[in-house]
Amino acid sequence: MRLKTSHLKEPKHRELVSCVGWTTADELYSCSDDHHIMKWNLLTSETTQVVKLPDDIYPIDLHWFPKNIGGKKQSQAESFVLTSSDGKFHLISKIGRVEKSVEAHCGAVLAGRWNYEGTALVTVGEDGQIKIWSKSGMLRSTLAQQGTPVYSVAWGPDSEKVLYTSGKQLIIKPLQPNAKVLQWKAHDGVILKLDWNSVNDLILSAGEDCKYKVWDSYGRLLYSSQPHDYPITSVAWAPDGELFAVGSFHTLRLCDKTGVRNVINDAVDLLEFRDRVIKASLNYGHLVVSTSLQCYVFSTKNWNTPLIFDLKEGTVSLILQAERHFLLIDGGGIYLYSYEGRLISSPKFPGMRTDVLNAQTVSLSNDTLAIKDKADEKVIYLFEALSGKPLGDGKPLIHKTEITEIALDQKGITNERKIVFIDKNRDLYITSVKRFGKEQKIIKIGTMAHTLAWNDTSNILCGLQDTRFTVWYYPNTVYVDKDLLPKTLYEKDASEFSKNPQIVRFVGNQVTIRRADGSLIHLNISPYPAILHEYVSSSKWEDAVRLCRFVKDQTMWACLAAMAVANKDMTTAEIAYASIGDIDKVQYINSIKELPSKESRMAHILLFSGNIQDAEMLLLQAGLIYQAIQVNISLYNWDRALELAVKHKTHVDTVLGYRQKFLEDFGKKETNKRFLQYAEGLEVDWDKIKAKIEMEIAKERERAAATPAVRASVTVQR
């Protein structure tokens, strides 16, 4: 991507232009020392004078009121704040009417910024004061007092903190009194400009040392530029946080680039558009391009005839693609389109703000859309892609701490759809998007994670954990056999990727990683796990076993073992477990095969995966009361075993007998009041107990023989 610049033959401003502000992607307002406010239209190349300010007003800074708040457009959104050298700030409408002028500082008001909700305004000035104002211009508080001029200010993403300059220092001060202030030396010269992006939570700073720098919100340096010839006087993030612009004397720099090339035959197609290109995305055989007025959908098989449709707003901030459809996000809402250009759905939720959504906080699959809530960052909203309605019972996914990044897997059926997310502690979790039972089963599968991506064609996950690049060949293993998960991973030292790398995409068996300096690194992983996924999804178990024997890799056998158990193919599971030397599990699988009924076998497969409640429910539904009791005895769930025996009025003596034997083996006495209560007057006769057990097993065999066509079914959360 390059900056395209143009210079009119006759400048419309006669003096220095001090500040500018975009209203839309194609409309810009500018203020100058000639006291004029001008409006520039990029589509028509027209320039019009909005208003001439009084001669004593010299503009310094301009900031538009937030456009979208809670999904609704505000009337005040058609106005901006203008700060000036006379110590005032002015609230001015889009048509140029000065609604209010406020005496704010002693000396020039050097910067003014609305918060993201539009509920407060912060101003800073030559007097070193940082002041908070209501949206109507009433003073709320003086947040801080510095001994030197404050040249620039920005709100934190949550509008609860303010970042400002103090000489060579950057200071983050919360609005709450007595809260901890973060301060650090950022430059070797006076800091002239800063910006804090609400989407990626990163800070830009620039100063008289002729450098610009990128920081995280903890004050850690992520990038420092080489010294320029002149001081950096201006920096600004693009709203989506993917690009930023840097301004200096006779210099304007845009920090990113993108392009399209056919790497198969090295052919290059030049795609020309009537209007300015704002966003582009290439995936799943389609290129989606957004201009300021229209959306173009190209098929990679035919670049000559794109599908074109008009946009409601020309401010698309994000394009996400799935195999069957794609998502556009602009200032007005979220829109899901088919690749034929048909609008499928437009999901909404209370307090939705589209201006802070990015690829880390929105994820799309063929059937599901996930969005992290900005108002409460512990919450993820889940929607049906085709209808736009909340998924299942409508309840969002809630985590115990704030979430920083989310991602949906791309293959398989809706009932097995998984979402992974990283929280602020850098722990990586996985869960099912569909809720089974009262609670969502959220399981941690990684630590110190800071970037991740699902594969486009199979449910393989990759991520960076601290100094390791990790691939989870079959993340679902954690729901099948937790002990097996470490054996299904591929890990590689990631120190070569330098500091703060990001995974850009995971296509086929190639992972693309962008280093902090912008360079791209391509990693190839083994193609065999993806082939194994394909065989298993088609139930080609013999082919899967042959593949593992050919590759001779323990990781492949471990993946196959977990896949086989998940799909209830215990014959293949036995072969796979034997190949990795898990003899105790081979023996358990053999014992499952010898069980008399399908219900018992299914229940013990569920037990094998740790789904105790599902196993018990299946046995009770099938009328196998003793087997349900015996499962709890085997797991030493004594209270539950006794509860079932009492409830169904059977095998109370069996439970008491096994309990007594257990206590005798450990040399302990009974202290449980319930067991003492039922033991009074009840004699434990092992001959009777064994006879009853044998009779139960015989009855189960007879029933299984009489109803061979009956199949057990159960809904299992994997």
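Residues numbered from 1 in each chain as written. Predicted model: local features only at pLDDT ≥ 70, side-chain atom pairs only at ≥ 80, totals over all residues. Heavy atoms only, no water.

### Quick word on the pattern of salt bridges
Taken as a whole and judged by the stated rule, the model has 29 salt bridges. Here Arg97 and Glu99 are joined by a salt bridge, their closest N and O atoms 2.9 Å apart. Across the pair Glu616 and Arg640 runs a salt bridge whose closest N-O atoms are separated by 2.4 Å. A residue pair is termed long-range when its members are at least 10 positions apart, and Glu616 in helix H8 (residues 612-621) and Arg640 in helix H10 (residues 638-647) qualify at 24 residues. Beyond isolated ion pairs, a larger network of salt bridges with shared partners links Asp481, Lys487, Asp582 and Lys585. (Salt bridge = Lys/Arg side-chain N within 4 Å of Asp/Glu carboxyl O. Helix = DSSP H or I, 4+ residues; strand = E, 2+ residues; numbered from the N terminus.)

### So, the nonpolar core
Core analysis: the biggest nonpolar cluster contains 47 residues, and Cys462, Phe469, Phe497, Val511, Leu532, Leu560 and Tyr577 have the highest contact counts within it. Ranked by the residues each element gives to this core, the list is headed by helix H4 (residues 554-566), at 11 residues. Ignoring anything within four residues of it in the chain, the contact list for Val511 reads Cys462, Phe469, Ile503, Arg505, Phe506, Ile521, His522, Leu523 and Ile525. Counting residues in hydrophobic clusters, the runner-up holds 23 residues, among them Ala603, Ala622, Ile629 and Leu642. (Core = buried A, V, L, I, M, F, W, Y, C linked by side-chain atoms within 4.5 Å. Buried < 20%, exposed > 50% of the residue type's maximum accessible area, 1.4 Å probe, protein only. Contact = heavy atoms within 4.5 Å.)

### Focus: the pairing of strand S19 (residues 191-196)
Of all 6 residues that make up S19, 6 are buried, and the element is covered over most of its length. In this sheet, strand S20 (residues 202-207) lies alongside S19 in antiparallel orientation, the contact comprising 5 bridges. Following the sheet pairing, Ile191 is matched in S20 by Gly207. Between S19 and S20, which pair antiparallel one after the other, the connecting turn spans 5 residues, and Asp201 there sits at a positive phi close to 60°. (Pairing = 2+ DSSP bridges.)

### Concerning the sheet that holds strand S30 (residues 318-321)
Strands sit in the order S30-S31-S32-S33 across an open sheet of 4 strands; the sheet is antiparallel. Each end of this open sheet is capped by a strand with a single partner; those strands are S30 and strand S33 (343-345). Adjacent strand axes in the sheet meet at a mean angle of 30° when their direction is disregarded. Two strands pair when backbone bridges link them, and S30 and strand S31 (residues 325-329) are joined in this way by 4 bridges, in the antiparallel orientation. In the sheet register, Leu320 faces S31, and the bridge partner there is Leu327. (Axes fitted to C-alpha atoms, helices over the stretch in contact; angles between N-to-C directions.)

### What about H4?
With 13 residues, H4 should reach 18 Å at 1.5 Å per residue; the first-to-last C-alpha distance of 18 Å fits that figure. Across the 13 residues that make up H4, a large majority, 12, are buried. Those residues of H4 not exposed but buried are Thr555, Met556, Trp557, Ala558, Cys559, Leu560, Ala561, Ala562, Met563, Ala564, Val565 and Ala566. Buried positions along H4 lie against helix H1 (477-480), strand S45 (489-493), helix H2 (528-537), helix H3 (541-551), helix H5 (570-579) and helix H7 (598-608). Looking one or two residues beyond H4, the residue adopting positive phi is Lys568, at roughly 65°. (Expected span 1.5 Å × (residues − 1).)

### Points about the packing of H10 against helix H11 (residues 652-665)
Two elements in contact, H10 and H11, have axes separated by 8 Å at closest approach and are oriented at 160°. In this view, H10 runs roughly antiparallel relative to H11, as classed from their interaxial angle. By crossing handedness, the relation of H10 to H11 is classed as left-handed. Here Trp638, Ala641, Leu642, Ala645 and Val646 of H10 lie close against H11, whose contacting residues are Val652, Val655, Tyr658, Arg659 and Phe662. Of the residues in the contact of H10 with H11, the class split is 9 nonpolar, no polar and 1 charged. (Parallel < 35°, antiparallel > 145°, perpendicular 65-115°, else oblique. Left-handed = near helix turned anticlockwise from the far one by under 90°. Nonpolar A, V, L, I, M, F, W, Y, C, P; charged D, E, K, R; others polar.)

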